[in-house]
Structure formats: C-alpha cells, structure tokens
Amino acid sequence: MGQPAASPAIAALRERIARLEGGRARNRATLPFGVTTIDKVLPGGGLALGALHEVAGGRNGAIDGAAAALFAAGIAARTKGKVLWCVTRQDLFAPALAQAGLPPGRVVYVEAGDEASVLACFEEGLRHGSLGAVVAELARLSMTASRRLQLAAEASGAIGIAIRRWRRQTEATDFGQPTAAVTRWRVTALPSRPLPVPGIGRARWQLELIRVRAGESADFEVEACDDKGRLALFSDLADRSPKARNGPVRAIG
C-alpha cells in the first residue's frame, strides 16, 4: 500500500523541525544502498551525505558490535576518497574491514586517549573537506556534540558515522537519547544461510532503521556487506547483478 501524501501542515512542520535540528535549505546528495526495499524508505532514495548517522549493535555483545562496524565500513567503502576512523583502543581487525570493501590503503586510523579526544578528531575530520567518510567509535553522544558534528558534516559534504560502543551496560541506555543524527541504525547478527557443501555462508544481519529524519522506521533481513560494501536482500542474490545493487549517488532538492 502506498504512503499517503503529507498535508501542507505536516510538510511545514517537518521543514521547521529540520531548521531546529540544524538542517540547511540546500540540495543534499545521497548514497543509495542499491537495494530498492531499503532506499525507498530513505528520503532522497539513499543515505544522506553531508550528514551524521548513528550505528549500534543490536545487543551488547562483541558479535553485534562487529556487525555494526562492518555495516559502517560498507557505507564508507562506497564513498570516494580516504576514510578517517577514530577509536580509543586498537581492536579493529583490518582484514575484516577489507572484506566489507574498505582496504587498509583507504583508511587513516586515529587512536585517541579518551572519548573527548575522539569527538574532537571526529569533528575536525568532518570539517577537513577532502575525506569521503569519517567514522568514530563512541559510547556517549550528547545533543550538543551531535549538532556540532552534523553542522561540520553539512559544511564539508562528508558523511559522518558514529558507531556506538559500550564497555558497561549502564552506557547502553545513552543510545536511546535524542541526537541530531539524520538516521539511527541497529545491526544484529543472524545465522548465516546454510551452504549445500561444508563451509560458512555469507553473514546475515537484522538491520533496523530506528530513526530517519522526515521518514519512517523500518527493518530488513539482509546479507552482510560484500567486498564492494554492498548489502543484498535474500531474494536479490538470485536475480540482481552486482551493477544493479551498486547504485549511483543522487541528489535531493
């Protein structure tokens, strides 16, 4: 069933909210996932560039945290230019990022001593202007900090991805607090599809779009990122070519 057209009052309210959240009345490019089911729920048909996005694991374990990092890597892999990745500890596994389409030669790693330093590097990277994407791993993200990051992303056109990681259960509740991020995602690992021969199939994820500005939440079961950073729905694997799954950058205005 198609979505009903928004009334003028609702459209005006959305525009006002966008201004309050720091949105700018200008065209914004998007990066499609290349999966119609996902892209059609995102305003403009893709993930907004020049914007901040949040990603977290569906649960608090290392497996879902790794899935969230690989989802972010797949997004960054489909941008152009170097990727800045900011962390507080050295626990990233570069070969796994490469399998999600992000080879070591494209990534500049910054190890900061604490989250305040990570935030500073995150913002500086977004303001730089020549990076394709900036990724930072954070436990907490306040509204004030997220607004600064959103404004920095808008100014440069780079995509910012905040991966929410927690060392303590008490920190996980912060993910439910409002931020200025344009989208908020949650990734949960699922059992991989059985193969007809011994081996491990392509990883599968439950992908939840918890929040999207001027859009509706949704959830999907997807095949994890391939070596080009592309996702796929189960039904897509049999009848869609890699070229069809890797859509172009679009602009919305």
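Residues numbered from 1 in each chain as written. Predicted model: local features only at pLDDT ≥ 70, side-chain atom pairs only at ≥ 80, totals over all residues. Heavy atoms only, no water.

**Considerations on the environment of Gln150**
Here is step 1: If you trace the backbone, Gln150 turns up in helix H6 (residues 143-156).
Here is step 2: Take Gln150: its relative accessible area is 0%, and that puts it in the buried class.
Here is step 3: Gln150 sits 100 residues away from Gly50 along the chain, and the two C-alpha atoms are 7.8 Å apart.
Here is step 4: For Gln150, the residues in contact, after removing those within four places along its chain, are Arg28, Gly50, Ala51, Leu52, Ala180, Val182 and Arg213. (Helix = DSSP H or I, 4+ residues; strand = E, 2+ residues; numbered from the N terminus. Buried < 20%, exposed > 50% of the residue type's maximum accessible area, 1.4 Å probe, protein only. Contact = heavy atoms within 4.5 Å.)

**Remarks on the pairing of strand E8 (residues 183-190)**
Side-chain positions along a regular strand alternate between the two faces of the sheet.
Here is step 1: Pairing between strand E3 (residues 52-57) and E8: five bridges, direction parallel. By the bridge assignment for E8, Glu54 is matched with Arg184.
Here is step 2: Alignment of E8 against strand E9 (residues 204-212), held across eight bridges, turns out to be antiparallel. Bridge pairing in E9 links Thr188 to Gln206. (Pairing = 2+ DSSP bridges.)

**Focus on the confidence of the model for the chain**
Here is step 1: Per-residue pLDDT for the chain has a mean of 85; in total, 79% of the residues score no lower than 70.
Here is step 2: Low confidence marks residues 236-248, where pLDDT is under 50. Its contacts with residues over four positions away, or in another chain, come to 22 contacts. (pLDDT = per-residue confidence, 0-100.)

**Overview of the side chain of Arg204**
Here is step 1: Its location among the elements puts Arg204 in strand E9.
Here is step 2: In this structure, Arg204 is buried with no salt-bridge partner, the nearest side chain bearing the opposite charge being Glu223 at 5.3 Å.
Here is step 3: Separated by 2.8 Å, the side chain of Arg204 and the backbone oxygen of Pro191 make a polar contact.
Here is step 4: In this view, Arg204 contacts Thr188, Ala189, Leu190, Pro191, Ser192, Arg193, Val222, Glu223, Ala224 and Phe234; residues no more than four positions away in its chain are not counted. (Lys, Arg positive; Asp, Glu negative; His and termini not counted. Salt bridge = Lys/Arg side-chain N within 4 Å of Asp/Glu carboxyl O. Polar contact = N/O pair within 3.5 Å; in protein donor to acceptor, adjacent residues only side chain to side chain.)

**With respect to the packing of helix H5 (residues 115-128) against H6**
Here is step 1: One way to put it is that H5 packs onto H6 with a least axis distance of 7 Å and a crossing angle of 20°. Considering their axes alone, H5 and H6 lie roughly parallel with respect to each other. Judged by the twist between their axes, the crossing of H5 over H6 is left-handed. In contact with Leu119, Phe122, Glu123, Leu126 and Arg127 of H5, H6 contributes Ala145, Arg148, Leu149, Ala152, Ala153 and Ser156.
Here is step 2: Residue composition of the contact of H5 with H6, by class: seven nonpolar, one polar and three charged. (Axes fitted to C-alpha atoms, helices over the stretch in contact; angles between N-to-C directions. Parallel < 35°, antiparallel > 145°, perpendicular 65-115°, else oblique. Left-handed = near helix turned anticlockwise from the far one by under 90°. Nonpolar A, V, L, I, M, F, W, Y, C, P; charged D, E, K, R; others polar.)

**A few points about the nonpolar core**
Here is step 1: In this structure, Ile38, Phe71, Trp85 and Trp185 are the most contacted members of the largest nonpolar core, which totals 41 residues.
Here is step 2: Broken down by secondary-structure element, the contributors of at least two residues to this core are helix H3 (62-77), strand E4 (83-87), strand E6 (133-138), strand E7 (159-164), E8, E9 and strand E10 (218-223).
Here is step 3: No other element matches H3, which puts nine residues into this core.
Here is step 4: What Trp85 contacts, discounting residues up to four positions off in sequence, is Ala69, Ala73, Leu92, Leu97, Leu102, Val107, Val108, Tyr109, Val110, Val135, Glu137 and Ile163.
Here is step 5: Listed in part, the 19 residues of the second largest apolar core include Leu84, Leu131, Val134 and Ala153. (Core = buried A, V, L, I, M, F, W, Y, C linked by side-chain atoms within 4.5 Å.)

**Some points on H3**
Here is step 1: For H3, spanning 16 residues, the distance from its first C-alpha to its last is 22 Å, which sits close to the expected 22 Å at 1.5 Å a residue.
Here is step 2: For H3, the complete set of buried residues consists of Asp64, Ala67, Ala68, Ala69, Phe71, Ala72, Ala73, Gly74, Ile75, Ala76 and Ala77. (Expected span 1.5 Å × (residues − 1).)

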